[in-house]
Amino acid sequence: MEFLVASAIGVLTAAGLYLVMRLRTFPVIMGISLLTYAVNIFLFTSGRLTVSAPPILTDATTYADPLPQALVLTAIVISFGMTAVVVMIALGAYLGADDDAVNDIAPTDAGDSK
Amino acid sequence: MTHWIILPVILPAILAPFIVLAARYHIGIQRVLSVAGVIGLIAVAAGLAWATSDGTVLLYQLGDWAAPFGIVVVGDRLSTLMVLLTAVLGLFVLLYAIGSGWDDRGKHFHALFQFQLMGIMGAFLTGDLFNLFVFFEVLLIASYGLMIHSGGTVRLKAGVQYVLFNLLGSTLFLFALGSIYAETGTLNMADLAQRVALVSPEETVGIRIAAVLLLLVFAIKAALVPLHFWLPSSYAEAPAPVAALFAIMTKVGAYAIIRVYTMVFGPEVEVTAGLHGAWLLPAALVSLALGMIGVLAAKKLDRLITFAVIGSMGMVMIAISLFTPEATSAAVYYIVHSTLAAAALFLISDLVRTGRTNLDLTDQPSIGGAHLTAGLFFIAAIAMTGLPPLSGFLGKLLILHSAIEQSTMVWVWAVILTSSLVAVVGFGRAGSTVFWKAKSIERPADAKAPQTPTAMSYIAVCGLLALLVAHTVFAGPMTRYTNAIAAQLYAPDAYISTVLDTPGKLSDAKADDKKGEDH
């Protein structure tokens, strides 16, 4: 199971980084989503991998660490909200400039931005 | 247990939704509420700074849960000073935004402004790394809204870059937190400080990776070269009052580095010894050099100021990376100075823009209110480049003095002194182009007379510059206070024992168990 989870994190991170480097808003946002999936699984494993154990302290000898689960929940909510924001801003920029490149095309000497 | 310390977070958090829900169609009411809120914040922050000035560490346990399990808010000398600085900066920026009418050029400026303050205050006060992440996100999401305030294609495009860069930074932050938790089983800073010290020297791989990842994250926030690429475009394209408020945001990164790398991964901790110092100082020196070269090379006034911000962050990081009490004291003095100076410069660039079609450093007819604006620019440029008699000079002197016994002294002195000269030339060229050459350019006969900025805009800028003067005049008491801050930072036992030994719920049951509760 360790190999499966570790390779999942690795593949997601690699794919995410590749997409981020495409420098077009849609692939970049997809890439960032993949990266957040990777980091969510990574956070989850930071409390050690345990199967079918309760996430509370009982008399049983094994238990799952509940803190990473709470951290992951927070991270999921935040990344979800952030992705929504970046989609809206990217859409606005794309519709305004008719171009979805992330980097500067040319020095912005086209005039004032106001 | 005093409840006051949570108020800098709660007050904007309540005020912002109230502004959105109750006053969304009335800019006048929004302005009154927002200014009243910030004045209240200053009062609370001043009270907190007074309460911690004798070395007391204020602790607030949310829901009365004891420290390693529950969430804590901690105020010591450094964090309350930063909170006070944020509140005071917030007031002048807000006055400028109202005076110049920026807040009325888009929706929800005041609500987002309050949320931004909430995030910054929380980041300074939290005693927990995960909550540091949460408050970073709060301040970032508010800053996304402020950054694209009043819209425009160029601004939106810069906004996309800014948001994407920070999203990647947040992901990296989570990776760092995950590795720290996997290694130590806690994210409370005081608890971490104890547990990192217990890590055996043979098993340092994980904790070293975590320490470096965390440093990278904070370096992104602090815009340290080579992680500074997000800053110039976004600060230059953001509305000027927003950019002025953002002057404190890079300092959040600097604050986090000071906090974590004096307490948790301190210079004396064996497993990570020398790790950050070896990387931080060269990066800081390059930041300072590159920032000031950028000042010389900039073709627009707002870009020039953004590179000055990068350079001044480099100066702050040089002092931090020396990791001695004397250098940290100098760093805190310089942080206060450079926040005020950068904010004033951003506001002045907007004063210039009011009377000009753009901020290009080319010969154009003179602007409205040119004499006063030119005078203010002169003062702010003196402060930023670190010429006597203002606090930039004193801060630089303190940093140079703190480096004098270090083995890296030659590099520090050479880079700081050379880059200061470059910055003086850069600012001198910009000022003479914008203000002096304008005298000889005839205004086209059919052109309207240029707009003059409102009195309130000038009051806000003069207020910031007056604070800089006060920071210079009261440099004696101020350096005594920053020395006290540094002393407290390098003796974190009082902080740790206050956080961990204050009783609360759960404190008697299984206190040494690793399992955490609510987050």
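Residues numbered from 1 in each chain as written. Chains lettered and ligands numbered in written order. Predicted model: local features only at pLDDT ≥ 70, side-chain atom pairs only at ≥ 80, totals over all residues.

Novice: Would you take a moment to explain the overall build of chain A for this structure?
Specialist: Looking only at helices and strands, chain A features three helices and zero strands. Listed N to C, the secondary structure of chain A is α-α-α in terms of helices and strands. Its C-alpha atoms give chain A a radius of gyration of 20 Å, more than 25% over the compact-globule value 13 Å for 114 residues. Projected onto its principal axes, the C-alpha positions of chain A cover 70 × 30 × 20 Å. Burial analysis of chain A (114 residues in total) assigns 29% to the buried set. The contacts of chain A with a sequence gap of at least 6 include a subset with a gap of at least 24, amounting to 49%. (Helix = DSSP H or I, 4+ residues; strand = E, 2+ residues; numbered from the N terminus. Rg over C-alpha atoms; globule rule 2.2 N^0.38 Å. Buried ≥ 20, exposed ≤ 12 C-beta atoms within 10 Å, placed from the backbone. Contact = placed C-beta atoms within 7 Å.)

Novice: Hey, could you run me through the overall build of chain B in this one?
Specialist: When you go through chain B residue by residue, the secondary structure sums to 20 helices and two strands. What you see for chain B is a C-alpha radius of gyration of 23 Å, in line with the 24 Å of a compact globule of 519 residues. With the C-alpha coordinates of chain B rotated into their principal frame, the extents come out at 80 × 60 × 40 Å. Here chain B holds 519 residues, and the buried ones make up 60% of them. Contacts in chain B between residues far apart in sequence, at least 24 positions, make up 81% of those at least 6 positions apart.

Novice: Would you mind showing me how to read the environment of Leu-91 of chain A here?
Specialist: Among the structural elements, Leu-91 of chain A can be located in helix 3 (residues 66–97). According to the C-beta neighbour criterion, Leu-91 of chain A is partly exposed, with 14 such atoms within 10 Å.

Novice: How should the confidence of the model for chain B be read in this particular structure?
Specialist: Do not read the fine detail of predicted coordinates wherever pLDDT is low. All names here are of chain B. For chain B, the average pLDDT comes to 89, and 97% of its residues sit at 70 or higher. Note on residues 510–519: pLDDT under 50 across the span, and 16 contacts to partners over four residues away in sequence or across chains. Scoring of the predicted complex yields 0.92 for pTM and 0.89 for ipTM. (pLDDT = per-residue confidence, 0-100.)

Novice: What is the right way to read the nonpolar core from this model?
Specialist: Across soluble globular proteins, nonpolar side chains show a tendency to be buried alongside one another. All names here are of chain B. Counting 228 residues, the largest nonpolar core has Ala-343, Ala-344, Leu-347, Ala-380 and Leu-464 as the members making the most contacts within it. Broken down by element, this core gets its largest block of residues, 19 residues, from helix 14 (residues 325–354). Setting aside residues no more than four positions away along its own chain, Ala-344 makes contact with Ala-380, Val-461, Leu-464 and Leu-465. (Core = buried A, V, L, I, M, F, W, Y, C linked by C-beta atoms within 7 Å.)

Novice: Teacher, can you tell me more about the pairing of strand 2 (residues 72–75) of chain B here?
Specialist: For a regular strand, side chains alternate in direction, first toward one face of the sheet and then toward the other. Residue and element names in this part refer to chain B. Burial of strand 2 is two-sided: the residues Val-72 and Val-74 facing one way and the residues Val-73 and Gly-75 facing the other way are all buried. Pairing geometry for strand 1 (residues 58–61) and strand 2, over four bridges, is antiparallel. Counterpart to Gln-61 in the pairing with strand 2 is Val-72. (Pairing = 2+ DSSP bridges.)

Novice: What am I meant to see in the packing of helix 15 (residues 370–385) of chain B against helix 17 (residues 409–436) of chain B here?
Specialist: Two packed helices can be described by the angle between their axes and the distance between those axes. All names here are of chain B. In contact at an axis separation of 10 Å, helix 15 and helix 17 are set at 175° when each is read in the N-to-C sense. The orientation of helix 15 with respect to helix 17, classified from their angle, is roughly antiparallel. Facing helix 15, whose interface residues are Ala-370, Ala-374, Phe-377, Phe-378, Ala-381, Met-384 and Thr-385, helix 17 presents Ser-420, Ala-423, Val-424, Phe-427, Gly-431 and Phe-435. In the contact of helix 15 with helix 17, the residues fall into 10 nonpolar, three polar and no charged. (Axes fitted to C-alpha atoms, helices over the stretch in contact; angles between N-to-C directions. Parallel < 35°, antiparallel > 145°, perpendicular 65-115°, else oblique. Nonpolar A, V, L, I, M, F, W, Y, C, P; charged D, E, K, R; others polar.)

Novice: I tried to follow the interface of chain B and chain A on my own but got confused; where do I start?
Specialist: The figure often quoted for interface size is the accessible area lost as the parts come together. Each partner contributes to the interface: chain B provides 32 residues, whereas chain A provides 36 residues. Where the side of chain B that touches chain A is concerned, the elements lending two or more residues are helix 5 (129–147), helix 6 (153–184) and helix 9 (231–237) of chain B. The element that contributes the greatest number of residues to the side of chain B that touches chain A is helix 6 of chain B, accounting for 18 residues. Counted by class, the side of chain B that touches chain A contains 16 nonpolar, 11 polar and five charged residues.

Novice: How do you make sense of the environment of Met-263 of chain B when you look at a structure like this?
Specialist: All names here are of chain B. The residue Met-263 is located in helix 11 (residues 249–263) in this model. Taking the C-alpha atoms as reference points, Met-263 and Asp-446, separated by 183 residues in sequence, lie 64 Å from one another. Residue contacts for Met-263: discarding those within four places in its chain leaves Met-189, Ala-193, Pro-492 and Tyr-495.

Novice: It is not clear to me how helix 1 (residues 7–22) of chain B should be interpreted in this structure. Could you clarify?
Specialist: For an α-helix, 3.6 residues make a turn, and residues three or four places apart therefore share a direction. Residue and element names in this part refer to chain B. With 16 residues, helix 1 extends 21 Å from end C-alpha to end C-alpha; this agrees with the ideal 22 Å at 1.5 Å per step. Among the residues of helix 1, Pro-8, Val-9, Pro-12, Leu-15, Ala-16 and Ile-19 are the ones counted as buried. Seen along its axis, helix 1 keeps its buried residues to an arc of 150°; they face one direction. With respect to the buried face of helix 1, the exposed residues turned more than 90 degrees away are Pro-17, Leu-21 and Ala-22. Check the buried side of helix 1 and you find it contacts helix 2 (27–52), helix 3 (77–100) and helix 4 (109–125). (Expected span 1.5 Å × (residues − 1). Arc of directions from axis to C-beta.)

Novice: Quick question: what am I supposed to make of the packing of helix 8 (residues 205–221) of chain B against helix 11 of chain B here?
Specialist: Residue and element names in this part refer to chain B. Close contact between helix 8 and helix 11 brings their axes to 7 Å; oriented N to C, the two are set at 150°. If you check the angle between helix 8 and helix 11, you find them roughly antiparallel. Contacts from Leu-214, Leu-215, Phe-218, Ala-219 and Lys-221 of helix 8 reach helix 11 at Thr-250, Val-252, Gly-253, Ala-256, Ile-257 and Val-260. Across the contact of helix 8 with helix 11, the residue classes tally to eight nonpolar, two polar and one charged.

Novice: Mind showing me how you'd approach the environment of Ala-90 of chain A here?
Specialist: Examined against the element boundaries, Ala-90 of chain A turns out to sit in helix 3. Classification of Ala-90 of chain A as buried rests on a count of 23 C-beta atoms within 10 Å. Distance from Ala-90 of chain A to Leu-19 of chain A, taken between C-alpha atoms, is 16 Å for residues 71 residues apart in sequence. Excluding anything up to four places from it in sequence, Ala-90 of chain A contacts Thr-25 and Ile-29 of chain A together with Val-160 of chain B.

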